[in-house]
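Summary of structural features
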Amino acid sequence: MADAKRNGIKVWVNGAELSVPPDCTAAAAVARAGVTMHRRSVEGHARGPLCGMGVCMECRVTINGELHQRGCQTLCMDGMRIETAEVASDA
Amino acid sequence: MPERTCRIAIIGAGPAGMAAAVSAVEAGAENVLVIDDNPRPGGQIWRGETDDATAREWMQKFEPCGAALLGQTRIVAAPQPGVLLAENGAKTLTIRYEKLILATGASERFLPFPGWTRPNVMGAGGLQTLAKGGLPLEGKRVVVAGSGPLLLAVADEMWHMGARIKCIAEQAAPNAVMRLGLRLLGSPGKLAQAVQLKLRLFGVPYRMGWHPLQVDGADGTSGDDSDAPVASVTLTNGAAKRIQIPCDYLACAFHLTPRLELAHLLGCDTEWIERQCQRRTTVDAWQRSSVEGVYCAGESTGVGGVDAALIEGRIAGYAATGAQDRARPLLKQRDAWRRFADAMNETFAPRPELRMLPEPRTIICRCEDVRYEQVVAKESWRAAKLHTRHGMGACQGRICGGAAEFLFDWSARSSRPPVCPTRMKTLAERPSADQKGD
Ligand SMILES: Cc1cc2nc3c(=O)[nH]c(=O)nc-3n(C[C@H](O)[C@H](O)[C@H](O)COP(=O)(O)OP(=O)(O)OC[C@H]3O[C@@H](n4cnc5c(N)ncnc54)[C@H](O)[C@@H]3O)c2cc1C
Ligand code: FES
């Protein structure tokens, strides 16, 4: 517990490991990883969070394999894997 | 499907919902259930924060008051009077109530301009909320733009988080803001503080009558057709003057707009206030909506700030419990807050010139990538939806609806169930009128 507090929580963003503070959202973890694109729009353009409060759906990412999760409404958990559209476009 | 039955259901655990719960219990109501889609109470302003004295006071009243809190639970449909459908993670829940208090708050109003869809262009409260959730702002260059007292509060908070606030651009004209400022001198409260915060934003220019014109990306492109995040924003005062400010984030929203999805779903009357460019739920002196047994309090009856939300919540909580005598002494104060809120909303209503901001290729509906040129000639919201899928994507028109109401004078009222993007399973499990329990 104390360790988790000191070292933060470990998550993966697009395959890269990083540690985030407790109470960090998945959307914030993506920003911490230096990634700005969360999803691609229907025409294929990069989009990231807009409202921060669960309304706009622009922050959708894949969390632990589950598609279309709102990053701004999801708290990071140890071991969480977050994938944004950036991975799909690199592949 | 699991079921919860309660006497009073309160949707929203922000200041209005918490005050309603505390007052209802105080007036003798049993079995009060508060539902919010966030894990913790507090609403947009107090979520996860305890250093504000008023916030602490209300948290301390709310937590032990005896009302049950269902967190991380979203109301997604209202299939019949007295019944709500809710989602909690993967679970679906039926909620049966006798009285209902809507305290669903407000969200930011977004207006389209070239480049507003780029990554790192966010709402003002949006960026603040994301930063509270761990998005690092230390050393980041932020331009705050749009309208409303929230811009000042947000800039101040982000400045304390280490952001370099390059500029605050308020679209309202200087004389309008000054007039409101004078009124504020005579009215103590949160909003007065918000305007005074400006003084603390040492060295940050507050440009009144200025608004964003376009966003450019690091790749040198402008407009909505590139992946490059914001690199600079061009601001204008409407006349020939323009300035281009490099930034890492543009935090931009044009004041707030009441969240009415549930009110519309339940059939509550709403009214369009032209001078405020705002649609709100119609309520009477006791916060009763047009639908029997459904009350409404806080920002969903018109944006008014935290003090108005608290007092309306108290009135609604008492009235829903039949304790009008307890609510009566509060009515005068509530009306005073409302009058002030009206003046504020008129001051920060978007100026008509902002209708000219989108270019033909500017995206209006972000979910479906519908562009201005595709919808500008449509005669109604319905026609735009039918022909272009405008407003039919994942956000269900909650972002573009407010913009459309302003840009095209269509009524964006059209909350068809479900109110939130929902899982198909929930709808398949809709209770029928005579079916009860699992
Ligand atoms: C992004 C943002 C940031 C803000 N920051 C500040 C600030 O820093 N300072 C300030 O003075 N004011 C701020 N405000 C304004 C402030 O929110 C209001 O003045 C005040 O909180 C209004 O209280 P309320 O109870 O009416 O609504 P809210 O506090 O908004 O509470 C409404 C609650 O209802 C919930 N809800 C809505 N629909 C549903 C549903 N279908 N199912 C379940 N739950 C639902 C919401 O998630 C929310 O928790 C901000 C507003 C926004 C939108
Ligand atoms: S940022 Fe709008 S839903 Fe997450």
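See the structure shown above.
The notes below deal with the structure included here. (Residues numbered from 1 in each chain as written. Chains lettered and ligands numbered in written order. Predicted model: local features only at pLDDT ≥ 70, side-chain atom pairs only at ≥ 80, totals over all residues. Heavy atoms only, no water.)

A closer look at the sheet that holds strand 14 (residues 242-246) of chain B
Residues and elements named next belong to chain B. The strand order 12-13-14 describes an open sheet built from three strands, whose pairing is antiparallel. Looking at the sheet topology across the chains shown, the edges are occupied by strand 12 (211-217) and strand 14. This sheet shows a mean twist of 25° between the axes of neighbouring strands, independent of strand direction. Note: strand 13 (residues 230-236) against strand 14, five bridges, orientation antiparallel. Along strand 14, the bridge assignment pairs Ser 232 with Pro 246. (Pairing = 2+ DSSP bridges. Helix = DSSP H or I, 4+ residues; strand = E, 2+ residues; numbered from the N terminus. Axes fitted to C-alpha atoms, helices over the stretch in contact; angles between N-to-C directions.)

Focus: the interface of chain B and chain A
When the parts come together, some accessible area is lost, and that loss is often what is quoted as the size of the interface. Each partner contributes residues to the interface: chain B has 39 residues there, and chain A has 33 residues. At the boundary of chain B with chain A, total buried surface from both sides reaches about 2800 Å², with 55% on carbon and sulfur atoms. Applying the counting rule to chain B against chain A returns four salt bridges. With a shortest N-O distance of 2.5 Å, B:Arg366 and A:Glu58 are connected by a salt bridge. The interface formed by chain B and chain A includes 14 residue pairs in polar contact (both at pLDDT 80 or more). Only strand 7 (106-108), strand 8 (121-122) and helix 4 (124-132) of chain B provide two or more residues apiece to the side of chain B that touches chain A. Here the side of chain B that touches chain A takes three residues from helix 4 of chain B, the largest share from any one element. (Contact = heavy atoms within 4.5 Å. Buried area = accessible area lost by both parts, 1.4 Å probe. Salt bridge = Lys/Arg side-chain N within 4 Å of Asp/Glu carboxyl O. Polar contact = N/O pair within 3.5 Å; in protein donor to acceptor, adjacent residues only side chain to side chain.)

Regarding the pairing of strand 18 (residues 278-281) of chain B
All names here are of chain B. Along strand 18, one buried face is formed by Gln 278 and Arg 280 and the opposite face, lined by Arg 279 and Thr 281, is buried too. By the bridge criterion, four bridges tie strand 17 (residues 270-273) to strand 18 in an arrangement that is antiparallel. Within strand 18, the position partnered with Trp 272 by the bridge is Arg 279. Connecting the antiparallel pair strand 17 and strand 18 is a turn made up of four residues, with Cys 277 showing a positive phi of about 50°. (Buried < 20%, exposed > 50% of the residue type's maximum accessible area, 1.4 Å probe, protein only.)

Points about the side chain of B:Asp36
Residue and element names in this part refer to chain B. Tracing the chain through its elements places Asp 36 in the loop between strand 2 (32-35) and helix 2 (43-46). Lacking a salt bridge, the buried Asp 36 has Arg 47 as its closest oppositely charged neighbour, with an N-O distance of 4.2 Å. If we ignore the near neighbours within four places in the chain, the residues touching Asp 36 are Gly 12, Ala 13, Gly 14, Arg 47, Leu 70, Gly 71, Gln 72 and Thr 73. (Lys, Arg positive; Asp, Glu negative; His and termini not counted.)

Regarding the pattern of salt bridges
In total, this model carries 27 salt bridges over all chains according to the counting rule given. The partner of A:Arg47 in a salt bridge is B:Asp369, with the nearest N and O atoms 2.6 Å apart. Separated into two different chains, A:Arg47 in strand 4 (residues 46-47) and B:Asp369 in the loop between strand 20 (363-365) and strand 21 (370-371) make up a pair that spans both. The two residues A:Arg47 and B:Asp369 agree in class, both being buried. Salt bridges sharing common partners tie together A:Arg39, A:Arg47, A:Glu58, B:Arg366 and B:Asp369.

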